[in-house]
Amino acid sequence: MTDLLQPRAIGQGLVRRDGEAKVRGTATYAYETPVDHPAYAHPVQAAIARGRVTRIDTSAAEALDGVLAVLTHENAERLASTEDRELAVLQSPEVAFRGQLVGVVLAETSELARQGADLVRVSFAEEEHDSELTVDHPALYKPDKVNPSFETDTAEGDVAAAMATAHATVEQTYSTAMVHNNPLEPHASTALWEPGAQVPLTLWDSTQGVHPDRAAVCEVFGLDEEQVRVICPYVGGGFGSKGTPHANVMLVVLAARALPGRPVKLALTRQQMFFLAGYRTPTIQRMQVAADRTGRLQAIAIDVVEQTSRIKEFAEQTGTPTRMMYAAPNRRTTHRLAPLDVPVPSWFRAPGECPGMFGPEVALDELAEALGLDPVELRIRNDPEVDPETGKPWSSRHLVECLREGAERFGWADRPPARHRDGDWFVGTGVASSVYPTMRQATSDALVRFEEGRYVVEIGAADLGTGAWTVLPQIAADALDVPVDDVEVRIGDTRLPQASVAGGSSGTNTWGSAITVAAREFRGKFGAEPRDGDEVTGSVDQAAKDTEHAAYAFGAQFAEVRVHADTGELRVPRLYGVFAAGRIINPRTARSQFIGGMTMGLSMALHENSVWDPRIGQVANHDLAEYHITVNADVGDVQAYWLDEHDPYVNAMGSKGIGEIGITGTAAAVVNAVHRATGIRVRDLPVTLDKVLGGLP
Amino acid sequence: MDAEISLTVDGVPRRLTVDTRTTLLDLLRERLGNTSPKKGCDHGQCGACTVLLDGERALSCLALAVAHDGAEVTTADGLATEGELHPVQQAFLDRDAFQCGYCTPGQICSAVGLLREVDRGWPSHASADLTADPQLTAAEVAERMSGNLCRCAAYAHIVPAVQQAGGVQP
């Protein structure tokens with residue numbers, strides 16, 4: 001049990017503190033840092049999917065007036081560590097995937113850098129490549145762990161026996177598409193290397209965590225942490241793709257070190273991001289579910305096949321939500337990876353849970369149909385008392401309440417019959433559950449100082465648009481028992497106390513915990529009337545971490561879909577989500593996170609698909625004209641609600657993290673609604689017109 | 001090749017020598033230090049670079065600076081005056097119509113342009129009657145704002161923000 005903060009500032013829908021700077025456009029993102037006389041970098045990429053560079057002719061580029069340097073594997077400095085082969089830029093002639101970095105041109109202007117990059121002539125010895133994921137790929141292997149450290153496979157009971165004898169079963173294969181994070185701000189940096197300075201490297205980087213970013217740079221370049229300062233006050237979206245640095249960060253540092261004293265700016269183009277900035281692996285999910293006559297699950301199993309790159313393993317934990325979502329005596333989860341000649345897959349909002357709540361939540365809908373049972377009711381009947389995987393009690397689990405409240409708000413009971421037609425449109429409704437684990441990182445520090453009548457809180461946290469600039473002062477105010485206007489919070493700089501990454505919906509939980517500890521220690525040491533300059537640094541208290549309970553946020557999503565009878569056009573006029581995610585620190589910013597996640601889930605359901613061309617080994621639609629994300633006109637009535645959930649086990653705020661749960665389950669709700677409207681069950685995402693057109697009633 | 005041009009940016013007249021390949025967006029961001037318009041795609045596919053060019057919304061990444069000699073450019077930063085936000089900016093704050101903020105200046109310039117277009121009676125794909133005065137319905141706003149991508153997906157808040165700024169109860 002944690003001593004929960006008394007909410008005063010917490011729970012207030014305060015306007016974003018960084019809001020005015022953002023609506024004016026004066027908030028400076030990494031590339032925009034005002035520096036004197038910057039040089040501009042433009043990458044050169046490999047034009048083959050596998051093989052080696054045989055020759056690089058940089059003479060034409062170097063002859064261009066205004067080009068300052070051309071770096072390739074032939075002249076770039078040797079890195080201290082090349083263990084992470086994604087980050088070992090310009091170290092060897094080997095090419096492991098199309099689009100890999102093979103050079104960089106530095107010039108006086110961005111136009112000249114780009115022109116120079118075009119002038120670099122690269123010859124390759126091409127080898128046969130294999131970049132196509134198939135369910136029976138001959139090289140499939142079992143990774144040691146799946147992200148970040150979960151068991152690869154789990155098994156209990158006998159799924160096959162249950163499938164053979166159960167009253168109703170579903171056995172189907174579902175798949176999710178390769179998708180790219182595509183934050184609107186590209187991966188971008190400004191780097192300055194000043195060899196004689198006390199802190200030689202200053203890196204303004206677009207990152208989800210300045211301290212983890214610095215650690216990665218130090219590892220690759222063999223620098224001490226005192227030699228590197230990373231600054232990032234604003235992030236133009238990350239969605240996981242800025243959670244760990246990609247090759248572009250090492251490239252800009254390499255470039256800056258080749259040009260001492262001169263700031264270097266590098267922003268990946270949108271097209272380059274499809275090769276270099278991470279993505280979510282496509283997933284193939286073979287599901288088996290079995291139930292008795294009353295709808296009680298007798299078996300649930302998921303066998304996942306996904307891809308990874310040959311040079312660096314990334315094992316998306318797609319099977320993990322099946323382990324805890326519903327109880328069944330017979331259970332199995334497995335993960336197998338195909339190592340391919342592809343760009344390195346990486347974090348994408350709700351890794352594991354997002355793809356892993358697609359197959360199972362559609363399979364449940366199919367099971368409900370087979371049983372003749374309402375899909376809301378089926379989920380309620382299978383709500384487990386304790387975590388089926390660990391046997392631990394839940395810290396709090398209000399999925400049933402979310403389903404019931406959602407059904408009420410959505411008007412589920414009065415939903416139109418299957419294949420209902422309204423003029424030219426078929427109309428259907430669907431439901432699915434959402435889940436995301438409640439995480440808190442092991443370490444983060446916060447400093448509290450009394451300064452000229454105000455409280456200053458310092459922590460190297462990141463605000464990706466999530467609201468950290470605004471919600472951390474709310475937490476600090478309640479922890480110090482002062483008005484929120486008396487608190488100033490400083491984030492986004494490695495000069496501030498070290499903070500964990502903004503990932504896994506753990507930012508507020510972790511940083512808020514550190515701030516609470518610091519505030520309590522501050523009050524304990526200096527009382528209610530501190531003197532100017534009094535300060536305390538506090539750390540996340542690992543000893544106070546609850547390990548007796550299984551902690552997750554839950555939710556229920558309801559979608560209304562309309563499918564045009566003649567064209568197959570798909571519309572989603574209504575999308576409602578109800579969440580039980582602990583205490584909500586700021587309802588204004590929280591609502592934006594929930595609806596943002598849900599809308600990204602809608603985007604996954606209907607639009608997003610990095611179309612892979614296995615002949616050449618690249619994404620064919622590698623820009624925002626061809627890679628479709630949901631736009632304004634695709635969105636109808638999107639509503640997020642939440643329960644007033646009290647959880648004394650998770651942390652002092654009682655918060656569970658809300659950045660990711662909104663994207664989980666959404667695509668299944670949409671697919672289930674499409675089925676209700678048309679009778680067509682689309683099992684591979686996204687649901688495009690061609691997948692429904694032939695089967696319309 | 002270089003060329004000399006004159007521009008007025010957020011009310012300030014400028015005389016500049018530009019590389020003829022330089023886009024208006026790069027001129028603003030890299031030469032003038034005005035980073036209010038953002039670069040999201042550089043191909044006119046995302047709308048983050050939207051500015052008002054002689055009063056109309058325009059994608060500054062698709063505009064070559066040399067082709068706009070004498071133009072008046074207004075960025076989102078230039079919409080705010082004397083420390084007071086433009087009504088569209090205030091509405092975006094009121095409705096929390098953004099998260100990361102990167103697409104926001106473009107959304108705001110686009111919304112300002114949109115409101116003028118509606119005032120002048122310009123129809124859209126969402127207008128049922130092409131000859132009637134368009135109304136600021138949610139469908140009209142969503143359609144007209146669809147050239148501005150928001151990856152944080154604040155769309156459901158952007159629409160009422162634009163309606164509010166246009167004097168319509170969302």
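**Quick word on the interface of chain A and chain B**
Listed as interface residues are 47 residues of chain A and, on the opposing side, 49 residues of chain B. Where the side of chain A that touches chain B is concerned, the elements lending two or more residues are α1 (19–24), α3 (110–119) and α15 (587–606) of chain A. The element contributing the most residues to the side of chain A that touches chain B is α15 of chain A, with 7 residues.

**Structural notes on the sheet that holds strand β17 (residues 330–340) of chain A**
Residues and elements named next belong to chain A. One open sheet holds the 5 strands; their spatial order is β9-β17-β16-β15-β10, and the pairing between them is mixed. Each end of this open sheet is capped by a strand with a single partner; those strands are β9 (154–156) and β10 (168–176). Strand-to-strand twist in this sheet, taken as the mean axis angle between neighbours without regard to direction, amounts to 15°. Sheet analysis places β9 next to β17, joined by 3 bridges and oriented antiparallel. When the bridges of β17 are listed, threonine 154 appears paired with threonine 333. The sheet strands contacting helix α10 (residues 359–371) are β10, β15 (283–291) and β16 (297–309), and the helix crosses β10 at an angle near 150°.

**Focus: the sheet that holds strand β3 (residues 67–72) of chain A**
Residue and element names in this part refer to chain A. As summarised here, the arrangement of the 7 strands in space is β3-β5-β1-β14-β11-β12-β13, forming an open sheet in which the pairing is mixed. Both outer strands of the open sheet, β3 and β13 (228–231), are each paired with one neighbouring strand and no more. This sheet shows a mean twist of 20° between the axes of neighbouring strands, independent of strand direction. As judged from the 5 bridges shared by β3 and strand β5 (residues 101–107), these two strands associate in the antiparallel manner. Looking at β5, one finds that valine 70 is bridged to valine 105. Lying over the sheet, helix α6 (residues 247–258) contacts β1 (39–45), β3, β5, β11 (188–193), β12 (201–205) and β14 (264–267), oriented at roughly 30° with respect to β11.

**Some remarks on the domain arrangement of chain A**
Residue and element names in this part refer to chain A. Looking at chain A, the domain boundaries give domain 1 (19–28 + 443–539), domain 2 (33–128 + 182–276) and domain 3 (145–179 + 280–439 + 548–693). The C-alpha-based centres of domain 1 and domain 3 are spaced at 34 Å. Between domain 1 and domain 3, the residue contacts involve 15 residues of the former and 17 residues of the latter. If you tally residues by element for the side of domain 1 that touches domain 3, the top one is helix α14 (residues 507–526), at 5 residues. Partitioning the side of domain 1 that touches domain 3 into residue classes produces 2 nonpolar, 13 polar and no charged.

**Quick look at the environment of aspartate 541 of chain A**
Looking at where aspartate 541 of chain A falls in the secondary structure, it is placed in the loop between β24 (535–539) and β25 (550–564). A residue is classified by how many C-beta atoms lie within 10 Å of it, and aspartate 541 of chain A, with 15 of them, is partly exposed.

Cut-offs used in this document
Residues numbered from 1 in each chain as written. Chains lettered and ligands numbered in written order. Predicted model: local features only at pLDDT ≥ 70, side-chain atom pairs only at ≥ 80, totals over all residues. Contact = placed C-beta atoms within 7 Å. Helix = DSSP H or I, 4+ residues; strand = E, 2+ residues; numbered from the N terminus. Pairing = 2+ DSSP bridges. Axes fitted to C-alpha atoms, helices over the stretch in contact; angles between N-to-C directions. Domains from an automatic or database assignment. Nonpolar A, V, L, I, M, F, W, Y, C, P; charged D, E, K, R; others polar. Buried ≥ 20, exposed ≤ 12 C-beta atoms within 10 Å, placed from the backbone.

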